[in-house]
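Chain residues, written in single-letter form:
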Amino acid sequence: KYVQDTSTLNEGWRAIFDVLRRTSCSLEHIDLHGTQLRDYDIAYLQNSLENNRKLRILQLSCINCINYISMEGWRFFSHVLRSPGSALVELDLLQNRMDDSVMISLANSLSDNKSLAKLKIDFYYNEINGIVCEVGWEAFSNILCKKSTIVDTYHSNHTLETVCEFPPDVGGEAAVVDSLLTLNRECTPNEAARRKIIRTHFHFTNGFSSIQPFVDMELAVRTHAIAWLCRNDINRDGTVSMIDESNRRSILYEIVRVSPGLFEIGRNKKRKRDQS
């Protein structure tokens, strides 16, 4: 459904957005590009979408050309992504003035979101010194790969695939976000989680691999974890990725070096089976 009528009154928008509240509403795509919405309009839209399970694509590009929507308004609207039953797979917010606080709100709202694959925002530079605003990109980096524990990393966002069009020479936290989004695009969510865990918690630096998480595991759990680590990195298209192969081999070497008894147990069991 395409809606582009800047003369529509606020009451008119409210009537349109009320339709989205109905369980019988079957709209899957709404394009509001170029419309002049205000804070209370998008707040009402956000409320109308809280229980909507059908809308998949929402385009709100270039609706803030004359600054009718405040940063607070955008921060409130970002809560639309917190709805546990949201069906949105694409949200277009291009050509709208936003700051780091809005980016942080968007990122936080996506922390547990399992549906949105494409978020479209502009790639922002700090207007004063011309560098990327690190705070906003760091917020996205933190939800794409939560680093506190293995469990937290597993529960990171592995669904989001696009945020903006990054320049070729992108650096800093924006480059980290670009890399994590590429991983999400190339892998299934489970495989993306696996690679993020390996890269974050079993990384190879300064000639040593961090294998402490393996050492701390119960023996029965450790054998399954090693098997999980050793399997090939399969991309979404079925191809095998070799990007993490060197790091993975280093980790396995360290495991064998510090836990030789684990492999002796396996060899003794095999010897007993052969003798019987």
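Look up a bit, the structure's there.
Residues numbered from 1 in each chain as written. Predicted model: local features only at pLDDT ≥ 70, side-chain atom pairs only at ≥ 80, totals over all residues. Heavy atoms only, no water.

Asks: Can you help me understand the sheet that holds strand E4 (residues 118–120) in this one?
Replies: Pairing between the strands of a sheet comes from backbone hydrogen bonds, and it takes one of two forms, parallel or antiparallel. Strand order in the open sheet formed by four strands is E1-E2-E3-E4, and the pairing between neighbours is parallel. Single-partner strands in this sheet number two, and they are strand E1 (29–31) and E4. The sheet shows a mean angle of 5 degrees between the axes of neighbouring strands, taken without regard to direction. Bridging between strand E3 (residues 90–92) and E4 involves three bridges; their strand directions are parallel. Across the sheet, residue Glu90 finds its bridge partner in E4, namely Lys118. (Pairing = 2+ DSSP bridges. Helix = DSSP H or I, 4+ residues; strand = E, 2+ residues; numbered from the N terminus. Axes fitted to C-alpha atoms, helices over the stretch in contact; angles between N-to-C directions.)

Asks: Before we go on, may I ask you to explain the side chain of Ser61 in this structure?
Replies: Tracing the chain through its elements places Ser61 in the loop between strand E2 (57–59) and helix H3 (71–77). Overall, the relative accessible area of 5% leaves Ser61 in the buried class. Side-chain polar atoms of Ser61 contact the side chain of His33, separated by 2.6 Å. Residues contacting Ser61, with those up to four places away along its chain left out, are Leu32, His33, Gly34, Asp92, Leu93, Leu94 and Asn96. (Buried < 20%, exposed > 50% of the residue type's maximum accessible area, 1.4 Å probe, protein only. Polar contact = N/O pair within 3.5 Å; in protein donor to acceptor, adjacent residues only side chain to side chain. Contact = heavy atoms within 4.5 Å.)

Asks: I'm lost on unusual backbone geometry in this one. Help?
Replies: When glycine is set aside, most residues are seen to have a negative phi, and most peptide bonds are trans. Its identity as a non-glycine residue notwithstanding, Gln95 has a phi of 60 degrees, on the positive side. Here Gln95 is to be found in the loop between E3 and helix H4 (100–109).

Asks: Where do I start with the packing of aromatic side chains in this structure?
Replies: What characterises a pair of aromatic rings is the spacing of the ring centres plus the angle enclosed by the ring planes. One pass over the structure, following the stated rule, counts six aromatic pairs. On the numbers, 6.2 Å between centres and 45 degrees between planes, the contact of Trp137 with Phe140 is tilted. Placement of both Trp137 and Phe140 in helix H5 (residues 134–144) is noted, with a separation of three residues, approximately one turn of the helix. Summarising the burial analysis for this pair, Trp137 and Phe140 share the class buried. With 5.2 Å between their ring centres and 55 degrees between their planes, Trp137 and Phe166 make a pair best called tilted. Residue Trp137 is located in helix H5, and its partner Phe166 is located in the loop between helix H6 (150–154) and helix H7 (172–186); the two are separated by 29 residues in the primary sequence. Accessibility assignment for this pair places Trp137 and Phe166 in one class, buried. One aromatic cluster in this structure is built from Phe123, Trp137, Phe140 and Phe166. Over the face of the ring belonging to Tyr44 we find Arg14, whose NZ or CZ atom lies 4.6 Å from the ring centre. (Phe/Tyr/Trp six-rings, centres within 6.5 Å; stacked < 30°, edge-to-face > 60°. Lys NZ or Arg CZ within 6 Å of the ring centre and 35° of its normal.)

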